[in-house]
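Chains, contacts and geometry: an overview
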Amino acid sequence: MDTAANIDVAVIRFLRRWSIPALRVSVGIVFVWFGALKVFDVTPVTDLVARTIYWFDPEWVVPVLGAFEILVGIGLLFKIALRATLFLFAGQMVGTFLVLVLLPDISIQDGNPLRLTVEGEFVIKNLVLLSAGMVVGTTVSTSDRRGLRTATREQLPEPAEID
């Protein structure tokens, strides 16, 4: 095998070993960080949250949402009850799309869903986070229905050989 092929194999092995843990940790950091901003009332999204879930008082719902996000972030960072953590994560992520449904006037320009506002872009980028959660979900062990264990890389089947 030539040098380029050896480097390619080494990089692929590295990525197979570290990409999903890096993804899990990075999403966990984002959740802890954004949650802390809400808890300490220094987030720029307070008004957006208040307008989206208007049936709750933002004085308490924004910090509670922040605490929830911190809890999810800690679960991701330390692989605590990962199945349950990912379920809560998915619920929170899906909830963010309420902005598009309940507040299209502030998330979409001129009624054209292809022309997003800053708020609309802020929400749509959550598709990436939701997809990241799905990838992390592939590491949850199927042998533990309570979601308290996660599979190690060695327990997972090898992906198909790369051409």
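Residue numbers restart at each chain and count upward from 1, following the sequence in its written direction. Under the rules for a predicted model, residues below a pLDDT of 70 receive no local features and side-chain atom pairs below 80 are neither given nor counted, while totals for whole chains, interfaces and linings still include all residues. Side-chain figures throughout are based on the complete set of non-hydrogen atoms in the structure, without hydrogens or water.

Time to look at the confidence of the model for the chain. If pLDDT is low for a region, its predicted coordinates should not be looked at in detail. The predictor reports its confidence for every residue as pLDDT, a score running from 0 up to 100. Per-residue confidence for the chain averages 90 on the pLDDT scale, and 87% of its residues sit at or above 70. We call two residues in contact when some of their heavy atoms are within 4.5 Å. The model gives residues 147-151 a pLDDT under 50, and that stretch makes 19 contacts with residues more than four places away or in other chains.

Before going further, it helps to spend a moment on the packing of aromatic side chains. For Phe, Tyr and Trp, where Trp contributes only its six-membered ring, two rings pair if their centres lie within 6.5 Å, and the inter-plane angle classes them as stacked under 30 degrees, edge-to-face over 60, or tilted in between. Within this structure, the stated rule accounts for 4 aromatic pairs. Aromatic side chains Y54 and W55 sit 5.0 Å apart centroid to centroid with 80 degrees between the ring planes, which places their arrangement in the edge-to-face category. Buried, partly exposed and exposed residues are distinguished by accessible area as a fraction of the type maximum, computed with a 1.4 Å probe on protein chains only: under 20%, between the cut-offs, and over 50%, respectively. Given a relative accessible area of 59%, Y54 falls into the exposed group. A ring pair is formed by F56 and W60, whose centres lie 5.5 Å apart and whose planes are at 75 degrees; its orientation type is edge-to-face. Cluster of aromatic residues (ring-pair linked, three or more members): Y54, W55, F56 and W60. Any Lys NZ or Arg CZ found within 6 Å of a ring centre and within 35 degrees of that ring's normal is scored as a charge over the ring. Directly above the aromatic system of W18 lies the positively charged group of R17, at a separation of 4.3 Å from the ring centroid. Across the ring face of F122, the terminal group of K125 is positioned such that the distance to the ring centre comes to 4.4 Å.

Counted as salt bridges are all cases of a side-chain nitrogen of Lys or Arg within 4 Å of a carboxyl oxygen of Asp or Glu. This structure, assessed with the given rule, holds 2 salt bridges. As a salt-bridge pair, K38 and E69 come within 3.0 Å of each other at their nearest N and O atoms. Residue K38 is found in helix α1 (residues 3-39), and its partner E69 is found in helix α3 (residues 58-77); the two are separated by 31 residues along the sequence. Of the two residues examined, K38 and E69, each falls in the buried class. Only DSSP runs of H or I reaching four residues or more are called helices, and only runs of E reaching two or more are called strands; each is numbered from the N terminus.

This brings us to the packing of α3 against helix α4 (residues 82-96). Between α3 and α4, the shortest axis-to-axis distance is 9 Å and the interhelical angle comes to 140 degrees. Here α3 is positioned oblique relative to α4, judged by the angle of their axes. Crossing angle aside, the handedness with which α3 passes α4 is left-handed. Residues L65, F68, E69, V72, G75 and L76 of α3 pack against L82, T85, L86, L88, F89 and Q92 of α4. Grouping the constituent residues of the contact of α3 with α4 by class yields 8 nonpolar, 3 polar and 1 charged. Axis angles are defined between N-to-C directions and span 0 to 180 degrees, where every axis is a line fitted to C-alpha atoms and, for a helix, only to the segment in contact. Each angle receives one of four descriptions, namely roughly parallel if under 35 degrees, roughly antiparallel if over 145, roughly perpendicular if within 65 to 115, and oblique otherwise. Left-handed describes a crossing whose near helix is turned anticlockwise from the far helix through less than a right angle; right-handed describes the clockwise counterpart. Polarity classes work like this: nonpolar for Ala, Val, Leu, Ile, Met, Phe, Trp, Tyr, Cys and Pro, charged for Asp, Glu, Lys and Arg, and polar for all others, with Gly in that last group.

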